[in-house]
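# Structural characterization, general
Next come the chains, spelled out residue by residue.
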Amino acid sequence: MAYYQGNDLRKPSGGRKRPHRKKRKYELGRPPTLTKLGSREERKIIRVRGGNYKVRLRRAIYINLVIPEEKRVQKVRVLAVIENPANPDYSRSGVITRGALVRTELGVARVTSRPGQDGVLNGILIKRE
C-alpha cells in the first residue's frame, strides 16, 4: 500500500475534485516510524528528496531534558510512556511522538522534538518527582 502525500482530491465542501494528472512518485510518503522504548538506542538513516537525509529514531533510552527552574539541560533515562495525545493507540502501545508525556528519572516530561524526523529525543520537565 502506498502512502500518498499529494492533493487529497476533495474540495473544502466535501465534494470531489477531478484530478488534472496522475499521482507522481515524488508525492509518495513513508510509513510512520513509531518510536518506542528499548534496551538500546536504534536509529535508521533514510535518504529523502533532494539528496537530503532524515535520521529516524526507532528505539529510545535517553531524553535530553530541559529543566526550566535550573535553566539547564540534562540527559536522563526514559522509564515509561504515560500518555500520547496524538493517538489513544499510541498511548497503549508506548509510541513516542512530539507532545507525548513520558516518565523519566527526574519526573514527568513532554517530548518537544520529532523523533521520527530528528533522530533525537528532546523534552521539557513538567512535574518533578
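Located above this text is the structure these notes cover.
Attention in this report is confined to the structure presented alongside it. (Residues numbered from 1 in each chain as written. Predicted model: local features only at pLDDT ≥ 70, side-chain atom pairs only at ≥ 80, totals over all residues. Heavy atoms only, no water.)

Here the focus is the sheet that holds strand β2 (residues 42–47). Here we have three strands laid out as an open sheet, ordered β1-β3-β2, and mixed in their pairing. Unpaired on one side and paired on the other, β1 (36–37) and β2 mark the two borders of the sheet. Where β2 meets strand β3 (residues 53–60), six bridges bridge the pair, whose relative direction is antiparallel. Residue pairing across strands places K44 opposite R56, the latter belonging to β3. (Pairing = 2+ DSSP bridges. Helix = DSSP H or I, 4+ residues; strand = E, 2+ residues; numbered from the N terminus.)

The relation between two aromatic rings is expressed through the spacing of the ring centres and the mutual angle of the planes. The tally for this structure, following the rule as stated, stands at zero aromatic pairs. Positioned above the aromatic ring of Y62, the side-chain terminus of K75 is 4.8 Å from the ring centre. (Phe/Tyr/Trp six-rings, centres within 6.5 Å; stacked < 30°, edge-to-face > 60°. Lys NZ or Arg CZ within 6 Å of the ring centre and 35° of its normal.)

Take a nonpolar patch on the surface next. Taken together, the side chains of V66, V73, I124 and I126 define a hydrophobic patch exposed on the protein surface, amounting to about 310 Å² of accessible area. Considering the arrangement of structural elements, one finds I126 in strand β8 (residues 122–128). Overall, I126 belongs to the partly exposed group, its relative accessible area being 45%. (Patch = residues over 30% accessible without salt bridge, like charges linked within 9 Å, V, L, I, M, F, W, Y side chains within 5 Å. Areas by Shrake-Rupley, 256 points an atom, 1.4 Å probe, with all protein chains shown as cover. Salt bridge = Lys/Arg side-chain N within 4 Å of Asp/Glu carboxyl O. Buried < 20%, exposed > 50% of the residue type's maximum accessible area, 1.4 Å probe, protein only.)

A few words now on the nonpolar core. Counting 16 residues, the largest nonpolar core has I63, L65, V102, L106, V111 and L121 as the members making the most contacts within it. The contact partners of L65, leaving out residues within four places of it in the chain, are R72, V73, Q74, V76, T104, L106, A109, G123, I124 and L125. (Core = buried A, V, L, I, M, F, W, Y, C linked by side-chain atoms within 4.5 Å. Contact = heavy atoms within 4.5 Å.)

Before going further, it helps to examine the layout of surface pockets. Here the idea is plain: a probe the size of a water molecule rolls over the atoms and shows the empty space left. As a volume, the largest pocket reaches approximately 640 Å³. In terms of lining residues, the largest pocket is bounded by 24 residues, among which G29, R30, K54, R56 and Q117 are the most central. At the level of elements, β3 and α2 (115–118) are the ones that each hand at least two residues to the lining of the largest pocket. Broken down by element, the residue count for the lining of the largest pocket peaks at three residues, all from α2. Quantified by volume, the second largest pocket comes out at close to 190 Å³. In this structure, the second largest pocket is lined by Y4, N7, L9, K17, R18, P19, H20, R21, K22, K23 and E27. (1 Å grid on protein atoms, 1.4 Å probe; cavity = no way out; pocket = protein on both sides within 12 Å on 5 of 7 lines; lining within 4 Å. Points joined across faces, edges and corners; volume = space filled by probe spheres on them.)

Here we come to the sheet that holds strand β4 (residues 62–67). Read around the barrel, five strands follow the order β4-β5-β6-β7-β8 and close on themselves; strand pairing throughout is mixed. Strand-to-strand twist of the sheet, defined as the mean angle between neighbouring strand axes without regard to direction, takes the value 55°. Across six bridges, the pairing between β4 and strand β5 (residues 72–83) is antiparallel. Looking at the pairing, V66 lines up with V73 of β5. (Axes fitted to C-alpha atoms, helices over the stretch in contact; angles between N-to-C directions.)

Here the structure, examined in full by the defined rule, presents eight salt bridges. Note that R21 and E27 form a salt bridge whose closest N and O atoms lie 2.8 Å from each other. Relative accessible area serves as the criterion here: at 10%, E27 is assigned to the buried category. As a salt-bridge pair, E129 and R103 come within 3.5 Å of each other at their nearest N and O atoms. Residue E129 is located in the segment after β8, and its partner R103 is located in strand β6 (residues 101–104); the two are separated by 26 residues in the primary sequence. Since its relative accessible area comes to 60%, E129 is described here as exposed. Exposure remark for R103: the relative accessible area of 33% places this residue in the partly exposed category. By sharing partners, the salt bridges in this structure join E69, E70, R72 and R128 into a single network.

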